[in-house]
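# Descriptive analysis of the structure
Take a look at the letters that make up each chain.
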Amino acid sequence: MSDLGKIDRTFFERHVASNLGADRDDVALGPQHGVDFGVLEIGGQALVTATDPISILPPLGFERAARFALDLILADVAVSGVAPSHLSICFTLPEAMTDDEFATVWETIHEECTDLGVSVVTGHTARYSDPTFPWIGAATAMGVGEFDDIVRPDGAQVGDRLLLTTGPAVEAVGLLSTLFPDEIDVSDGELADAQARLEEVHCVRDALTAAAAGPVRAMHDVTEGGLAGALNEMADGADARFVVDRKAVPMRPGVREVCDALEIDPWATTSCGSLLIAVDPDGVDDVRAALEERDTVVAEIGRVESGTGVVDEAGERIEHPAGDASWGVYADLASE
């Protein structure tokens, strides 16, 4: 098991995959490593569901922190191509969180859910003595759709083209530069560019836009392990080889500078808000146009071929990181 972050495939296969409770016919897709959602069959329709922790970072301001937290929760359903429609949410609030601060979080979640068409159907809210920021609960998102509309992260096919939205490390760079501005040796302009990346850490609407414009064969949000991790997880799931043009990968302003200053690899660093998308060649132009209409940065970065693994245009292997490059840096900066 990795020291920090999600469990690895070995731990999952050894301890989780064989212990999943009752074997029910209505479970169309149960837990799989690298697949962030499950699917139930309900009356011939697909109920897509995913569960995530709630992360609230007070230094971001409670309104922005709430939007950030909600997008992370809803994203694992949205990348299925099915719009999230319902939310079950549990808050285990720390004693230090005031009523007004919680009200800001809850009202922001309400407003964003209203805009997305998501209804809160149940939950639990209480204060306890042990919880501390940022991890203050968990939530389950759900969406109802047709089975034919589901996009799986392991569905890439030979001949597909690979698109990437936003770019590597935007989440980590945006958070680290905002939380620890005095600890990062970059210019004021570079710091401001890096902090602005937090406004791009939202992918729910992009995922639904891409799926609607398709045909999209596979989609994965770039989270722990960064772009290198997402590429390998999608390629492994599809039993195919991904060939990546490194020069085509977009690098947003401030990302390279902060990553260099902190000595972290942007390709191995979490980047919520970025989507890796495998698209049928006939749909590439339509998907790009739809995303660009939303002012989302998107680039074609590679292709799917027969074989295994992930390589660049020179044939050099791009390995799955052993862990997320930003975890240790965050821990070190937070302890100073």
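Here goes a summary of the coordinates provided. Values in this document were obtained by computation on a predicted structure and should not be read as measured data. (Residues numbered from 1 in each chain as written. Predicted model: local features only at pLDDT ≥ 70, side-chain atom pairs only at ≥ 80, totals over all residues. Heavy atoms only, no water.)

## Side note on empty space enclosed by the protein
Enumeration over the complete set of coordinates arrives at one cavity of 30 Å³ or more. Looking at the largest cavity, its volume works out to about 30 Å³. Lining the largest cavity are Leu60, Arg64, Phe68, Leu198 and His202. (1 Å grid on protein atoms, 1.4 Å probe; cavity = no way out; pocket = protein on both sides within 12 Å on 5 of 7 lines; lining within 4 Å. Points joined across faces, edges and corners; volume = space filled by probe spheres on them.)

## Looking at the nonpolar core
Nonpolar side chains in soluble globular proteins tend to be buried together. Among the nonpolar cores identified, the biggest contains 75 residues, and Ile54, Leu87, Phe91, Met219 and Ile277 are the most heavily contacted of them. For this core, the element with the most residues is helix α2 (residues 62–78), which contributes eleven residues. When residues of this core are assigned to domains, at least three map to each of domain 1 (9–149) and domain 2 (160–334). Other than its neighbours up to four places away in sequence, Ile54 contacts Ala69, Ile73, Ile89, Cys90, Phe91, Pro134, Trp135, Ile136, Gly137, Ala138 and Ala139. (Core = buried A, V, L, I, M, F, W, Y, C linked by side-chain atoms within 4.5 Å. Buried < 20%, exposed > 50% of the residue type's maximum accessible area, 1.4 Å probe, protein only. Helix = DSSP H or I, 4+ residues; strand = E, 2+ residues; numbered from the N terminus. Domains from an automatic or database assignment. Contact = heavy atoms within 4.5 Å.)

## Some thoughts on the sheet that holds strand β4 (residues 86–94)
If you trace the six strands from one edge of the open sheet to the other, you get β1-β2-β3-β6-β4-β5, paired in mixed fashion. Sheet topology places β1 (27–29) and β5 (119–128) at the edges, where each strand pairs with a single neighbour. With direction set aside, neighbouring strand axes in the sheet form an average angle of 20°. Two elements, β4 and β5, share nine bridges in a ladder whose sense is parallel. Opposite Thr92, over in β5, you have Ala126 as the bridge partner. Sheet contacts for α2: β3 (45–55), β4 and β6 (135–145); angle to β3, the most-contacted strand, approximately 145°. (Pairing = 2+ DSSP bridges. Axes fitted to C-alpha atoms, helices over the stretch in contact; angles between N-to-C directions.)

## Observations concerning the sheet that holds strand β9 (residues 241–244)
With mixed pairing, six strands are arranged side by side in an open sheet as β8-β10-β7-β11-β9-β12. Edge positions in the sheet fall to β8 (216–221) and β12 (310–312), since each of these pairs with one other strand and no more. Taking the axes of each pair of neighbouring strands and ignoring which way they run, one obtains an average angle of 25° across the sheet. Two strands pair when backbone bridges link them, and β8 and strand β10 (residues 275–279) are joined in this way by five bridges, in the antiparallel orientation. Counterpart to His220 in the pairing with β10 is Leu276. Across the sheet, helix α9 (residues 284–293) touches β7 (161–165), β8, β10 and β11 (298–305), and the angle it forms with β11 is around 155°.

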